[in-house]
Amino acid sequence: MQMSEPGVRLLYEAARELGLELGPVLPSFQLLYRRLLEANRATNLTAIRDEKGIILKHFVDSLSCLKGDGLEGSLRAIDVGTGAGFPGLPIKIVRPALHLTFLDATQKKIAFVEAVCQELGLAPVRCIWGRAEELGQHPDHREAYDRVLSRAVGSLSVLSELCLPLLKPGGVMIAQKGPGVEAELEHAQAAIGLLGGRVREVITFELPALREHRSLVIIEKVGPTPSKYPRRPGLVQKNPLS
Ligand code: SAH
């Protein structure tokens, strides 16, 4: 149930390639690893279950989000569709000052994230069971965040409608994507503009150790989002803006 010695070394070295010194927080990653395995035995929390997969595709891949923005200091950030806590949990472990909200539409997933946050003493955090479409229209959350993070939740046009309403003007959205994001981006350009966003850059890189290609799409909020967005749950996905 423990991460093996070679596993710990792999994590440590891959993080170092990303410019991160994980030494002092390795026990937190150990605990997260154990809790993920336990939860996956009881319920179906994540598809990736092997040691190397968890280390590289969950932990290191989540940390690679920091290539898009260092997330230093006490910024207010939200991880939209965090699932079992990715990318949010690894990021919060290495950026403890971040005010991080975890959001997911599935109760058992957000309950898992909340329990792990408590056990690791991660604060300040908020764990919300709900939908981005609802938060985006809620006065406490609309245009309330400096950063919005998201991995594997939808196409860029869907994601933009879910995420941009939550950003303060001047804030930044970081979408973690695989290779070949150009066509998706092209398709989403008009929607991004309509929602008050502007693509600042697309960062492409190889993930340490796995050597798979990844991209980070960085979108800044340059104007307000019209009040009709996000539309209600279902519509956003069924009829994406383009
Ligand atoms: N980000 C995680 C999980 C990806 S799976 C990871 O990369 O491992 C997609 C997750 O997004 C699911 O857990 C699902 O419940 C959540 N999700 C999808 N649409 C959502 C929405 N509109 N609001 C909140 N959560 C959503």
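All values derive from a computational prediction rather than experimental measurement. Within each chain, residue numbers correspond to sequence positions counted from 1 in written order. In keeping with the predicted nature of the model, local features appear solely for residues at pLDDT of at least 70, side-chain atom pairs appear and are counted solely at 80 or more, and the whole-chain, interface and lining totals rest on all residues. The side-chain values count all of the structure's non-hydrogen atoms but skip hydrogen atoms and water molecules.

(A) Region of interest: the side chain of Thr225. With respect to the element layout, Thr225 can be found in the loop between β7 (213-221) and α9 (235-238). Contacts between residues were defined by any pair of non-hydrogen atoms, one from each residue, lying within 4.5 Å. Setting aside chain neighbours within four positions, we find Thr225 in contact with Arg142, Glu143, Leu164, Pro165 and Leu195. Segments assigned H or I by DSSP are reported as helices when at least four residues long, segments assigned E as strands when at least two residues long, and all are numbered from the N terminus.

(B) Molecular detail of the pattern of salt bridges. Salt bridge, as used here, is a side-chain nitrogen of Lys or Arg placed within 4 Å of a carboxyl oxygen of Asp or Glu. Overall, the coordinates contain 16 salt bridges when judged by the stated rule. The partner of Glu220 in a salt bridge is Arg198, with the nearest N and O atoms 3.3 Å apart. Linking Glu220 in strand β7 with Arg198 in strand β6 (residues 197-206), this pair joins segments that are 22 residues apart in sequence. Burial classification: accessible surface area is computed with a 1.4 Å probe over protein chains only, and a residue below 20% of its type maximum counts as buried, one above 50% as exposed, and the rest as partly exposed. Note on Glu220: relative accessible area 17%, which makes it buried. The class of Arg198 is partly exposed, set by a relative accessible area of 47%. Shared partners join several salt bridges into a network, and the residues in it are Asp61, Arg151, Glu212 and Arg214.

(C) Main features of the side chain of Glu220. In this structure the side chain of Glu220 is engaged in a polar contact, spanning 3.4 Å, whose partner is the side chain of Arg200. Leave out the neighbours within four places in its chain, and Glu220 touches Gly171, Val172, Gly196, Gly197, Arg198 and Arg200. Here a polar contact is recorded for every N or O atom pair within 3.5 Å, except that within protein the pair must consist of a potential hydrogen donor and a potential acceptor, and residues adjacent in sequence are included only if both atoms are side-chain atoms.

(D) Main features of the site of the ligand. The rule for a residue being near a molecule or strand is that one of its heavy atoms must lie within 4 Å of it. For the ligand, the set of nearby residues contains 17 residues, the closest of which are Gly81, Phe86, Asp104, Glu133 and Arg151. Contact distances for the ligand include 2.7 Å between a nitrogen atom and a backbone N or O atom of Gly81. Within the contact set of the ligand, a nitrogen atom lies 2.8 Å away from a side-chain nitrogen or oxygen of Glu133. Coverage of the ligand by the protein amounts to 82% of the 570 Å² it exposes when considered alone. We call Asp, Glu, Lys and Arg charged. Ala, Val, Leu, Ile, Met, Phe, Trp, Tyr, Cys and Pro are nonpolar, and the rest, Gly among them, are polar. Classifying every residue of the shell around the ligand gives 6 nonpolar, 6 polar and 5 charged. Here the Shrake-Rupley method, with its probe set to 1.4 Å, supplies the accessible areas, and only the displayed protein chains count as covering residues.

(E) Geometry of the packing of aromatic side chains. Aromatic pairing here means that ring centres of Phe, Tyr or Trp (its six-membered ring) are within 6.5 Å. Orientation follows from the plane angle: under 30 degrees is stacked, over 60 is edge-to-face, and everything else is tilted. Counted by the stated rule, this structure contains 2 aromatic pairs. Centre to centre, the rings of Phe59 and Phe86 are 6.2 Å apart; their planes meet at 40°, and the pair counts as tilted. In this pair, Phe59 sits in helix α3 (residues 51-63) while Phe86 sits in the loop between β1 (76-80) and α4 (88-94), placing the two residues 27 residues apart along the sequence. Overall, Phe86 belongs to the buried group, its relative accessible area being 3%.

(F) Highlighting the sheet that holds β7. Reading across from one edge, β3-β2-β1-β4-β5-β7-β6 is the order of the 7 strands in this open sheet, with mixed pairing throughout. Single-partner strands in this sheet number two, and they are β3 (125-129) and β6. The mean inter-strand angle of the sheet, taken between neighbouring strand axes irrespective of direction, is 15°. A pair of strands is labelled paired if DSSP reports no fewer than 2 bridges between them. Of the pairings in the sheet, the one linking β6 to β7 comprises 9 bridges and is antiparallel in character. Its bridge partner lying in β7, Thr204 is registered against Ser215. Lines fitted to C-alpha atoms define the axes here, with helix axes fitted over just the stretch in contact, and angles between the N-to-C directions of these axes take values from 0 to 180 degrees. Of the strands in this sheet, β4 (145-151), β5 (167-177) and β7 touch α3, which is tilted by about 150° from β4. Those strands touched by helix α8 (residues 182-194) are β5, β6 and β7, and its axis lies near 155° from that of β6.

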